[in-house]
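# Per-entry structural report
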Amino acid sequence: MVTIVGVRFRCAGKIYYFDPGEEQIPRGTSVIVETARGTEMGTVVLANKEVEDDSVVQPLKSILRIATPEDFAVVKAHKEKEKAAYKICQEKIARHELEMKLVDVEYTFDGNKILFYFTADGRIDFRELVKDLASVFKTRIELRQIGVRDETKMLGGIGICGRSLCCSTYLSDFIPVSIRMAKEQNLSLNPTKISGVCGRLMCCLKNEEETYEYLNAQLPSVGDLVASKDGTQGKVQSVNVLRQLVKVIVSMEGDEVEVREFPAEELEVVAGGKRSRNRTENQASGKAETSEHPETKEVKSGHRRPNSRRDSGEGRKETEGRKNRNQNRGRSGQRTQNPEGDGAAGRDQAENRGRSQREHSTRERGQGEHNAHEHGGRERGQGESASKERSTRENGRRERGRRERNQGERRGEADANREKPMTVSAESPQE
(Lines give C-alpha, C1' and ligand atoms only; values in the text may rest on other atoms or scores of the structure.)
Protein backbone atom coordinates (compact mmCIF):
# COMPACT_ATOMS: atom_id res chain seq x y z
CA MET A 1 0.00 0.00 0.00
CA VAL A 2 1.10 3.56 -0.74
CA THR A 3 -0.22 6.88 0.58
CA ILE A 4 -1.25 9.45 -2.02
CA VAL A 5 -3.10 12.75 -2.37
CA GLY A 6 -5.06 13.83 -5.46
CA VAL A 7 -4.28 17.25 -6.93
CA ARG A 8 -6.20 19.07 -9.65
CA PHE A 9 -4.74 22.05 -11.57
CA ARG A 10 -7.84 23.21 -13.44
CA CYS A 11 -11.52 23.28 -12.61
CA ALA A 12 -12.98 19.91 -13.69
CA GLY A 13 -9.50 18.84 -14.80
CA LYS A 14 -7.83 15.48 -14.36
CA ILE A 15 -6.68 14.35 -10.92
CA TYR A 16 -2.98 13.57 -10.51
CA TYR A 17 -1.48 11.60 -7.61
CA PHE A 18 1.42 12.89 -5.52
CA ASP A 19 3.34 11.69 -2.48
CA PRO A 20 2.37 13.74 0.60
CA GLY A 21 5.31 12.48 2.64
CA GLU A 22 4.70 12.74 6.39
CA GLU A 23 2.19 15.58 6.19
CA GLN A 24 -1.58 15.27 6.50
CA ILE A 25 -3.00 17.56 3.83
CA PRO A 26 -6.76 18.21 4.00
CA ARG A 27 -8.98 18.57 0.98
CA GLY A 28 -9.14 22.04 -0.59
CA THR A 29 -5.57 22.98 0.33
CA SER A 30 -3.46 24.73 -2.32
CA VAL A 31 -0.04 23.09 -2.76
CA ILE A 32 3.10 23.58 -4.86
CA VAL A 33 4.18 20.43 -6.74
CA GLU A 34 6.75 19.44 -9.33
CA THR A 35 5.27 18.26 -12.66
CA ALA A 36 6.56 17.40 -16.12
CA ARG A 37 5.86 21.01 -17.18
CA GLY A 38 7.72 22.46 -14.23
CA THR A 39 6.60 23.83 -10.90
CA GLU A 40 2.82 24.20 -10.63
CA MET A 41 0.27 25.19 -8.00
CA GLY A 42 -2.79 22.99 -7.63
CA THR A 43 -5.65 22.20 -5.28
CA VAL A 44 -5.95 19.01 -3.25
CA VAL A 45 -9.23 17.20 -4.07
CA LEU A 46 -8.35 13.86 -2.45
CA ALA A 47 -6.90 13.91 1.05
CA ASN A 48 -4.35 11.37 2.29
CA LYS A 49 -5.44 7.95 1.11
CA GLU A 50 -3.87 4.51 0.88
CA VAL A 51 -4.16 2.69 -2.44
CA GLU A 52 -2.66 -0.42 -4.00
CA ASP A 53 0.79 -0.15 -5.51
CA ASP A 54 -0.49 -1.33 -8.91
CA SER A 55 -3.06 1.49 -9.15
CA VAL A 56 -0.46 4.29 -9.37
CA VAL A 57 2.49 4.95 -11.63
CA GLN A 58 5.76 4.78 -9.75
CA PRO A 59 7.73 6.74 -8.77
CA LEU A 60 5.37 9.36 -7.33
CA LYS A 61 6.53 12.96 -7.29
CA SER A 62 6.38 14.62 -3.92
CA ILE A 63 4.60 17.78 -2.83
CA LEU A 64 7.08 20.63 -2.38
CA ARG A 65 5.14 22.72 0.12
CA ILE A 66 1.82 24.17 1.12
CA ALA A 67 1.04 27.35 -0.86
CA THR A 68 1.90 30.61 0.92
CA PRO A 69 0.52 34.15 0.43
CA GLU A 70 3.57 34.93 -1.72
CA ASP A 71 2.68 32.03 -3.99
CA PHE A 72 -0.84 33.39 -4.45
CA ALA A 73 0.65 36.79 -5.36
CA VAL A 74 2.80 35.15 -8.01
CA VAL A 75 -0.23 33.41 -9.50
CA LYS A 76 -2.15 36.70 -9.56
CA ALA A 77 0.73 38.44 -11.37
CA HIS A 78 0.83 35.63 -13.91
CA LYS A 79 -2.89 36.13 -14.61
CA GLU A 80 -2.23 39.73 -15.56
CA LYS A 81 0.65 38.70 -17.80
CA GLU A 82 -1.56 36.12 -19.53
CA LYS A 83 -3.99 38.84 -20.63
CA ALA A 84 -1.16 40.89 -22.19
CA ALA A 85 0.32 37.79 -23.84
CA TYR A 86 -3.07 36.95 -25.32
CA LYS A 87 -3.31 40.32 -27.08
CA ILE A 88 0.27 40.14 -28.37
CA CYS A 89 -0.27 36.63 -29.75
CA GLN A 90 -3.46 37.73 -31.51
CA GLU A 91 -1.55 40.50 -33.26
CA LYS A 92 1.22 38.11 -34.32
CA ILE A 93 -1.32 35.64 -35.71
CA ALA A 94 -2.97 38.36 -37.78
CA ARG A 95 0.42 39.58 -39.04
CA HIS A 96 1.42 36.07 -40.20
CA GLU A 97 -2.09 35.49 -41.63
CA LEU A 98 -2.48 32.12 -39.95
CA GLU A 99 -5.88 30.39 -39.98
CA MET A 100 -6.00 29.60 -36.28
CA LYS A 101 -8.09 30.74 -33.31
CA LEU A 102 -6.33 31.52 -30.05
CA VAL A 103 -8.25 30.11 -27.08
CA ASP A 104 -6.20 30.62 -23.94
CA VAL A 105 -2.76 31.51 -22.59
CA GLU A 106 -1.19 29.93 -19.49
CA TYR A 107 1.98 30.78 -17.55
CA THR A 108 3.69 28.10 -15.53
CA PHE A 109 4.17 28.89 -11.85
CA ASP A 110 7.92 29.40 -12.19
CA GLY A 111 7.48 31.53 -15.32
CA ASN A 112 9.85 29.40 -17.44
CA LYS A 113 7.23 28.54 -20.05
CA ILE A 114 4.17 30.07 -21.70
CA LEU A 115 1.54 27.80 -23.28
CA PHE A 116 -0.73 29.07 -26.04
CA TYR A 117 -3.84 26.95 -26.76
CA PHE A 118 -5.48 27.32 -30.18
CA THR A 119 -7.92 25.58 -32.53
CA ALA A 120 -7.63 25.12 -36.30
CA ASP A 121 -9.23 23.04 -39.02
CA GLY A 122 -5.94 21.44 -40.08
CA ARG A 123 -2.22 21.52 -39.45
CA ILE A 124 -0.67 24.97 -39.06
CA ASP A 125 2.94 25.92 -39.76
CA PHE A 126 3.56 28.28 -36.82
CA ARG A 127 7.37 28.14 -36.68
CA GLU A 128 7.76 31.80 -37.55
CA LEU A 129 5.09 32.69 -34.99
CA VAL A 130 7.01 30.85 -32.26
CA LYS A 131 10.18 32.75 -33.14
CA ASP A 132 8.40 36.10 -32.88
CA LEU A 133 6.80 35.21 -29.54
CA ALA A 134 10.10 33.97 -28.13
CA SER A 135 11.80 37.24 -29.13
CA VAL A 136 9.08 39.21 -27.31
CA PHE A 137 8.72 37.20 -24.04
CA LYS A 138 12.31 35.91 -23.77
CA THR A 139 11.18 32.52 -22.47
CA ARG A 140 10.12 29.10 -23.72
CA ILE A 141 7.05 29.10 -25.94
CA GLU A 142 4.71 26.15 -26.53
CA LEU A 143 1.75 26.21 -28.93
CA ARG A 144 -0.76 23.41 -28.38
CA GLN A 145 -3.64 22.64 -30.75
CA ILE A 146 -6.87 21.46 -29.08
CA GLY A 147 -10.35 20.40 -30.22
CA VAL A 148 -13.66 22.23 -29.99
CA ARG A 149 -14.75 20.26 -26.92
CA ASP A 150 -11.56 21.20 -25.07
CA GLU A 151 -12.10 24.81 -26.13
CA THR A 152 -15.60 24.81 -24.62
CA LYS A 153 -14.28 23.17 -21.45
CA MET A 154 -11.68 25.95 -21.03
CA LEU A 155 -13.97 28.87 -21.81
CA GLY A 156 -17.11 27.57 -20.02
CA GLY A 157 -20.64 28.73 -20.72
CA ILE A 158 -24.35 28.11 -20.16
CA GLY A 159 -26.15 25.18 -21.76
CA ILE A 160 -29.67 25.05 -23.16
CA CYS A 161 -30.81 23.74 -19.77
CA GLY A 162 -29.83 27.06 -18.16
CA ARG A 163 -27.02 25.59 -16.07
CA SER A 164 -23.24 25.77 -16.43
CA LEU A 165 -21.75 23.36 -18.92
CA CYS A 166 -21.14 19.85 -17.59
CA CYS A 167 -17.64 19.66 -19.10
CA SER A 168 -16.52 22.85 -17.33
CA THR A 169 -18.04 22.00 -13.94
CA TYR A 170 -17.60 18.31 -13.07
CA LEU A 171 -16.61 16.17 -16.09
CA SER A 172 -12.91 15.38 -15.90
CA ASP A 173 -12.92 13.27 -19.10
CA PHE A 174 -15.02 13.39 -22.25
CA ILE A 175 -17.35 10.39 -22.54
CA PRO A 176 -18.11 8.98 -26.02
CA VAL A 177 -21.64 9.93 -27.06
CA SER A 178 -23.56 8.50 -30.05
CA ILE A 179 -26.86 9.22 -31.79
CA ARG A 180 -28.13 5.84 -30.57
CA MET A 181 -28.40 7.27 -27.07
CA ALA A 182 -30.80 9.96 -28.30
CA LYS A 183 -32.90 7.32 -30.07
CA GLU A 184 -32.98 5.15 -26.95
CA GLN A 185 -34.38 8.08 -24.94
CA ASN A 186 -36.97 9.00 -27.63
CA LEU A 187 -35.47 12.45 -28.10
CA SER A 188 -35.82 14.61 -31.17
CA LEU A 189 -33.07 13.92 -33.66
CA ASN A 190 -32.91 17.57 -34.65
CA PRO A 191 -29.18 18.48 -34.44
CA THR A 192 -29.94 21.89 -32.95
CA LYS A 193 -31.74 20.27 -29.99
CA ILE A 194 -29.30 17.51 -29.11
CA SER A 195 -26.05 19.39 -29.79
CA GLY A 196 -24.18 21.39 -27.17
CA VAL A 197 -22.35 24.71 -27.29
CA CYS A 198 -19.34 23.00 -28.88
CA GLY A 199 -21.45 21.75 -31.80
CA ARG A 200 -21.08 18.10 -30.79
CA LEU A 201 -23.67 15.82 -29.19
CA MET A 202 -24.42 16.87 -25.62
CA CYS A 203 -22.44 15.00 -22.96
CA CYS A 204 -25.56 14.73 -20.75
CA LEU A 205 -27.06 12.18 -23.18
CA LYS A 206 -24.88 9.61 -21.43
CA ASN A 207 -26.20 10.39 -17.95
CA GLU A 208 -29.50 8.47 -18.23
CA GLU A 209 -28.55 6.02 -20.96
CA GLU A 210 -28.33 2.96 -18.70
CA THR A 211 -31.66 3.76 -17.03
CA TYR A 212 -33.46 4.06 -20.35
CA GLU A 213 -31.91 0.83 -21.61
CA TYR A 214 -33.24 -1.01 -18.56
CA LEU A 215 -36.72 0.55 -18.75
CA ASN A 216 -37.07 -0.01 -22.50
CA ALA A 217 -36.21 -3.67 -22.02
CA GLN A 218 -39.36 -4.03 -19.86
CA LEU A 219 -41.69 -2.52 -22.49
CA PRO A 220 -43.09 -3.94 -25.76
CA SER A 221 -42.33 -2.21 -29.03
CA VAL A 222 -44.82 -0.01 -30.86
CA GLY A 223 -46.87 -2.21 -33.20
CA ASP A 224 -46.55 -5.40 -31.13
CA LEU A 225 -49.66 -7.51 -30.55
CA VAL A 226 -50.08 -7.85 -26.79
CA ALA A 227 -52.54 -9.55 -24.46
CA SER A 228 -53.51 -8.51 -20.93
CA LYS A 229 -54.22 -10.78 -18.00
CA ASP A 230 -57.99 -10.54 -18.57
CA GLY A 231 -57.58 -11.81 -22.16
CA THR A 232 -57.85 -8.45 -23.94
CA GLN A 233 -55.68 -8.29 -27.05
CA GLY A 234 -54.63 -5.30 -29.10
CA LYS A 235 -51.80 -3.51 -30.86
CA VAL A 236 -49.41 -1.22 -29.01
CA GLN A 237 -49.94 2.43 -29.95
CA SER A 238 -47.42 4.17 -27.69
CA VAL A 239 -45.40 3.62 -24.51
CA ASN A 240 -44.49 5.82 -21.54
CA VAL A 241 -40.96 4.78 -20.59
CA LEU A 242 -40.67 6.52 -17.20
CA ARG A 243 -44.15 5.54 -15.97
CA GLN A 244 -43.98 2.08 -17.58
CA LEU A 245 -47.45 2.48 -19.14
CA VAL A 246 -48.55 1.13 -22.53
CA LYS A 247 -51.42 2.40 -24.69
CA VAL A 248 -53.12 -0.42 -26.63
CA ILE A 249 -55.62 -0.21 -29.49
CA VAL A 250 -58.36 -2.73 -28.68
CA SER A 251 -60.94 -3.83 -31.26
CA MET A 252 -64.53 -3.67 -30.03
CA GLU A 253 -67.77 -5.05 -31.50
CA GLY A 254 -68.16 -4.15 -35.14
CA ASP A 255 -65.56 -1.77 -36.54
CA GLU A 256 -65.12 0.27 -33.35
CA VAL A 257 -61.74 0.52 -31.65
CA GLU A 258 -60.76 1.79 -28.24
CA VAL A 259 -57.44 2.95 -26.77
CA ARG A 260 -56.76 1.56 -23.32
CA GLU A 261 -53.78 2.09 -21.01
CA PHE A 262 -52.18 -0.83 -19.18
CA PRO A 263 -49.20 -1.18 -16.86
CA ALA A 264 -46.30 -2.90 -18.61
CA GLU A 265 -46.18 -5.80 -16.11
CA GLU A 266 -49.80 -6.78 -16.96
CA LEU A 267 -49.11 -7.29 -20.67
CA GLU A 268 -47.58 -10.16 -22.58
CA VAL A 269 -46.33 -9.92 -26.15
CA VAL A 270 -48.25 -12.25 -28.48
CA ALA A 271 -46.76 -11.22 -31.85
CA GLY A 272 -44.03 -8.72 -32.58
CA GLY A 273 -44.31 -5.57 -34.65
CA LYS A 274 -41.85 -4.32 -37.22
CA ARG A 275 -38.77 -4.63 -35.05
CA SER A 276 -39.87 -7.99 -33.70
CA ARG A 277 -40.58 -9.25 -37.22
CA ASN A 278 -37.14 -8.18 -38.34
CA ARG A 279 -35.67 -9.97 -35.36
CA THR A 280 -37.67 -13.10 -36.14
CA GLU A 281 -36.66 -13.01 -39.80
CA ASN A 282 -33.02 -12.69 -38.85
CA GLN A 283 -33.32 -15.65 -36.51
CA ALA A 284 -35.11 -17.67 -39.18
CA SER A 285 -32.48 -16.85 -41.76
CA GLY A 286 -29.81 -17.90 -39.28
CA LYS A 287 -31.59 -21.23 -38.72
CA ALA A 288 -31.95 -21.74 -42.45
CA GLU A 289 -28.24 -21.27 -42.90
CA THR A 290 -27.48 -23.81 -40.19
CA SER A 291 -30.05 -26.34 -41.49
CA GLU A 292 -28.78 -26.60 -45.03
CA HIS A 293 -28.74 -29.94 -46.83
CA PRO A 294 -25.64 -32.01 -46.01
CA GLU A 295 -24.69 -32.15 -49.68
CA THR A 296 -24.84 -28.35 -49.92
CA LYS A 297 -22.58 -28.07 -46.90
CA GLU A 298 -20.08 -30.40 -48.53
CA VAL A 299 -20.03 -28.26 -51.65
CA LYS A 300 -19.40 -25.10 -49.59
CA SER A 301 -16.66 -26.76 -47.56
CA GLY A 302 -14.78 -27.80 -50.68
CA HIS A 303 -16.03 -31.43 -50.99
CA ARG A 304 -17.68 -32.62 -54.18
CA ARG A 305 -21.28 -33.79 -54.21
CA PRO A 306 -21.50 -37.58 -54.39
CA ASN A 307 -24.25 -37.61 -57.06
CA SER A 308 -22.64 -35.10 -59.42
CA ARG A 309 -21.93 -36.00 -63.04
CA ARG A 310 -18.20 -36.10 -62.60
CA ASP A 311 -18.38 -38.50 -59.61
CA SER A 312 -21.05 -40.76 -61.15
CA GLY A 313 -20.26 -43.62 -63.53
CA GLU A 314 -21.54 -41.65 -66.51
CA GLY A 315 -18.51 -39.40 -66.88
CA ARG A 316 -16.05 -42.22 -66.26
CA LYS A 317 -17.88 -44.49 -68.70
CA GLU A 318 -17.75 -41.95 -71.50
CA THR A 319 -14.03 -41.51 -70.96
CA GLU A 320 -13.43 -45.27 -71.01
CA GLY A 321 -15.57 -45.60 -74.16
CA ARG A 322 -13.38 -43.07 -75.95
CA LYS A 323 -10.25 -44.93 -74.83
CA ASN A 324 -11.66 -48.26 -76.05
CA ARG A 325 -12.57 -46.81 -79.45
CA ASN A 326 -9.07 -45.43 -79.84
CA GLN A 327 -7.62 -48.80 -78.89
CA ASN A 328 -9.89 -50.55 -81.43
CA ARG A 329 -8.68 -48.26 -84.18
CA GLY A 330 -5.09 -49.03 -83.28
CA ARG A 331 -5.70 -52.78 -83.26
CA SER A 332 -7.57 -52.69 -86.62
CA GLY A 333 -4.46 -51.20 -88.21
CA GLN A 334 -2.35 -54.08 -86.85
CA ARG A 335 -4.66 -56.98 -87.80
CA THR A 336 -2.77 -57.74 -91.02
CA GLN A 337 0.30 -58.55 -88.93
CA ASN A 338 -1.53 -60.85 -86.45
CA PRO A 339 -4.56 -62.20 -88.28
CA GLU A 340 -5.21 -65.24 -86.14
CA GLY A 341 -5.25 -63.58 -82.72
CA ASP A 342 -7.01 -60.39 -83.86
CA GLY A 343 -10.50 -61.86 -84.01
CA ALA A 344 -10.24 -63.40 -80.52
CA ALA A 345 -8.83 -60.15 -79.11
CA GLY A 346 -11.71 -58.18 -80.58
CA ARG A 347 -14.22 -60.57 -79.06
CA ASP A 348 -12.51 -60.40 -75.64
CA GLN A 349 -12.37 -56.64 -75.80
CA ALA A 350 -16.03 -56.36 -76.74
CA GLU A 351 -17.00 -58.73 -73.92
CA ASN A 352 -14.93 -56.79 -71.38
CA ARG A 353 -16.43 -53.51 -72.55
CA GLY A 354 -19.96 -54.85 -72.29
CA ARG A 355 -19.24 -56.27 -68.81
CA SER A 356 -17.83 -52.91 -67.57
CA GLN A 357 -20.78 -51.06 -69.03
CA ARG A 358 -23.22 -53.35 -67.26
CA GLU A 359 -21.39 -52.91 -63.95
CA HIS A 360 -21.44 -49.13 -64.32
CA SER A 361 -25.10 -49.16 -65.23
CA THR A 362 -25.89 -51.28 -62.16
CA ARG A 363 -24.01 -48.90 -59.84
CA GLU A 364 -25.60 -45.88 -61.46
CA ARG A 365 -29.07 -47.35 -61.19
CA GLY A 366 -28.52 -48.09 -57.51
CA GLN A 367 -27.16 -44.61 -56.91
CA GLY A 368 -30.11 -43.03 -58.73
CA GLU A 369 -32.53 -45.04 -56.57
CA HIS A 370 -30.64 -44.00 -53.44
CA ASN A 371 -30.75 -40.30 -54.39
CA ALA A 372 -34.42 -40.52 -55.34
CA HIS A 373 -35.20 -42.13 -51.98
CA GLU A 374 -33.13 -39.55 -50.06
CA HIS A 375 -34.67 -36.42 -51.57
CA GLY A 376 -38.43 -36.17 -51.08
CA GLY A 377 -41.16 -34.25 -52.84
CA ARG A 378 -39.95 -32.31 -55.84
CA GLU A 379 -36.43 -33.71 -55.63
CA ARG A 380 -37.83 -37.28 -55.75
CA GLY A 381 -39.60 -36.49 -59.02
CA GLN A 382 -36.44 -34.98 -60.46
CA GLY A 383 -34.43 -38.04 -59.37
CA GLU A 384 -36.91 -40.41 -61.00
CA SER A 385 -36.86 -38.49 -64.27
CA ALA A 386 -33.09 -38.41 -64.19
CA SER A 387 -33.04 -42.16 -63.50
CA LYS A 388 -35.31 -42.80 -66.48
CA GLU A 389 -33.07 -40.74 -68.73
CA ARG A 390 -30.02 -42.61 -67.51
CA SER A 391 -31.69 -45.99 -68.08
CA THR A 392 -32.60 -44.92 -71.61
CA ARG A 393 -29.01 -43.90 -72.26
CA GLU A 394 -27.81 -47.20 -70.78
CA ASN A 395 -30.04 -49.21 -73.11
CA GLY A 396 -28.68 -47.28 -76.08
CA ARG A 397 -25.11 -47.86 -74.95
CA ARG A 398 -25.70 -51.59 -74.42
CA GLU A 399 -27.18 -51.82 -77.90
CA ARG A 400 -24.16 -50.03 -79.34
CA GLY A 401 -21.88 -52.38 -77.38
CA ARG A 402 -23.60 -55.44 -78.86
CA ARG A 403 -23.32 -54.00 -82.34
CA GLU A 404 -19.66 -53.24 -81.86
CA ARG A 405 -19.06 -56.76 -80.50
CA ASN A 406 -20.82 -58.38 -83.48
CA GLN A 407 -18.93 -56.14 -85.88
CA GLY A 408 -15.67 -57.11 -84.20
CA GLU A 409 -16.45 -60.80 -84.51
CA ARG A 410 -17.44 -60.49 -88.17
CA ARG A 411 -14.37 -58.39 -88.90
CA GLY A 412 -12.14 -61.00 -87.24
CA GLU A 413 -13.68 -63.87 -89.23
CA ALA A 414 -13.36 -61.93 -92.49
CA ASP A 415 -9.72 -61.19 -91.81
CA ALA A 416 -9.03 -64.81 -91.01
CA ASN A 417 -10.70 -66.01 -94.23
CA ARG A 418 -8.90 -63.39 -96.27
CA GLU A 419 -5.48 -64.46 -94.98
CA LYS A 420 -5.99 -68.28 -95.29
CA PRO A 421 -5.27 -68.68 -99.08
CA MET A 422 -1.94 -66.93 -98.60
CA THR A 423 -0.98 -69.53 -96.02
CA VAL A 424 -1.88 -72.43 -98.34
CA SER A 425 0.07 -71.03 -101.27
CA ALA A 426 3.13 -70.63 -99.10
CA GLU A 427 3.05 -74.30 -98.01
CA SER A 428 2.37 -75.84 -101.50
CA PRO A 429 6.06 -75.89 -102.71
CA GLN A 430 7.03 -78.01 -99.71
CA GLU A 431 4.55 -80.64 -100.70
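Residues numbered from 1 in each chain as written. Predicted model: local features only at pLDDT ≥ 70, side-chain atom pairs only at ≥ 80, totals over all residues. Heavy atoms only, no water.

### Focus on the overall build of the protein chain
A tally of regular secondary structure across the protein chain gives 12 helices and 13 strands. Counting across all 431 residues of the protein chain, residues that qualify as buried make up 30%. By sequence separation, contacts in the protein chain at least 24 residues apart represent 56% of the contacts at least 6 residues apart. Accessible surface computed for the protein chain: about 28,400 Å², of which carbon and sulfur atoms make up 48%. (Helix = DSSP H or I, 4+ residues; strand = E, 2+ residues; numbered from the N terminus. Buried < 20%, exposed > 50% of the residue type's maximum accessible area, 1.4 Å probe, protein only. Contact = heavy atoms within 4.5 Å. Areas by Shrake-Rupley, 256 points an atom, 1.4 Å probe, with all protein chains shown as cover.)

### Re the pattern of salt bridges
Taken as a whole and assessed by the stated rule, the structure comprises 16 salt bridges. Linking R65 and D71 is a salt bridge whose minimum nitrogen-to-oxygen distance equals 2.9 Å. Looking at R65, the relative accessible area reads 35%, which means it is partly exposed. When its relative accessible area of 5% is taken as the criterion, D71 is described as buried. Notably, a salt bridge pairs D125 with R127, separated by 2.8 Å at the nearest N-O pair. Both residues of the pair, D125 and R127, belong to the exposed class. Through salt bridges with shared partners, a single ionic network connects R10, R37, E40, D104 and E106. (Salt bridge = Lys/Arg side-chain N within 4 Å of Asp/Glu carboxyl O.)

### Side note on helix α1 (residues 69-96)
The periodicity of an α-helix, 3.6 residues per turn, causes residues three or four positions apart to be oriented the same way. The end-to-end C-alpha distance of α1 is 41 Å, a good match for the 40 Å that 28 residues give at a rise of 1.5 Å each. By the burial criterion, the buried members of α1 are D71, H78, E82, A85, C89, K92 and I93. Next to the buried residues of α1 lie β3 (30-35), β4 (38-51), β5 (63-66), β6 (101-107), β7 (113-119) and α2 (127-137). A positive backbone phi angle near 55° is found at E97, which sits one or two residues after α1. (Expected span 1.5 Å × (residues − 1).)

### Thoughts on the packing of aromatic side chains
Counted according to the given criterion, the structure contains four aromatic pairs. Ring geometry for F9 against F18: centres 6.3 Å apart, planes inclined by 85°, an arrangement best described as edge-to-face. Above the plane of the ring of F174 lies K153, whose end atom (NZ or CZ) is 5.8 Å from the centre. (Phe/Tyr/Trp six-rings, centres within 6.5 Å; stacked < 30°, edge-to-face > 60°. Lys NZ or Arg CZ within 6 Å of the ring centre and 35° of its normal.)

### Quick word on the sheet that holds strand β11 (residues 245-251)
Read from one edge of the open sheet, five strands run β12-β11-β10-β9-β13, paired in antiparallel fashion. Among the strands making up the open sheet, the edge pair consists of β12 (257-263) and β13 (267-271). Averaged over all neighbouring strand pairs, the angle between strand axes comes to 45°, with direction disregarded. With three bridges connecting them, strand β9 (residues 225-228) and strand β10 (residues 233-240) associate as antiparallel partners. Across the sheet, residue L225 finds its bridge partner in β10, namely K235. (Pairing = 2+ DSSP bridges. Axes fitted to C-alpha atoms, helices over the stretch in contact; angles between N-to-C directions.)

### Some points on the packing of α1 against α2
Here α1 crosses α2 at 145°, and the two axes come no closer than 10 Å. α2 is crossed by α1, and the crossing has right-handed handedness. Counted together, A85, I88, C89, K92, I93 and H96 of α1 and E128, L129, D132, L133, V136 and F137 of α2 form the full contact between these two elements. Within the contact of α1 with α2, the residues separate by chemical class into eight nonpolar, one polar and three charged. (Left-handed = near helix turned anticlockwise from the far one by under 90°. Nonpolar A, V, L, I, M, F, W, Y, C, P; charged D, E, K, R; others polar.)

### Let's talk about the side chain of T29
For T29, the position within the fold is in the loop between β2 (15-18) and β3. What makes T29 buried here is its relative accessible area of 17%. A polar contact is formed between the side chain of T29 and the backbone oxygen of P26, at a distance of 2.9 Å. Filtering out sequence-adjacent residues up to four positions away, T29 remains in contact with G42, T43, V44 and I66. (Polar contact = N/O pair within 3.5 Å; in protein donor to acceptor, adjacent residues only side chain to side chain.)

### Things to note about the environment of F126
If you trace the backbone, F126 turns up in the loop between β7 and α2. Taking the C-alpha atoms as reference points, F126 and H96, separated by 30 residues in sequence, lie 8.8 Å from one another. Beyond its immediate chain neighbours, meaning those up to four positions away, F126 contacts L98, F118 and L143.

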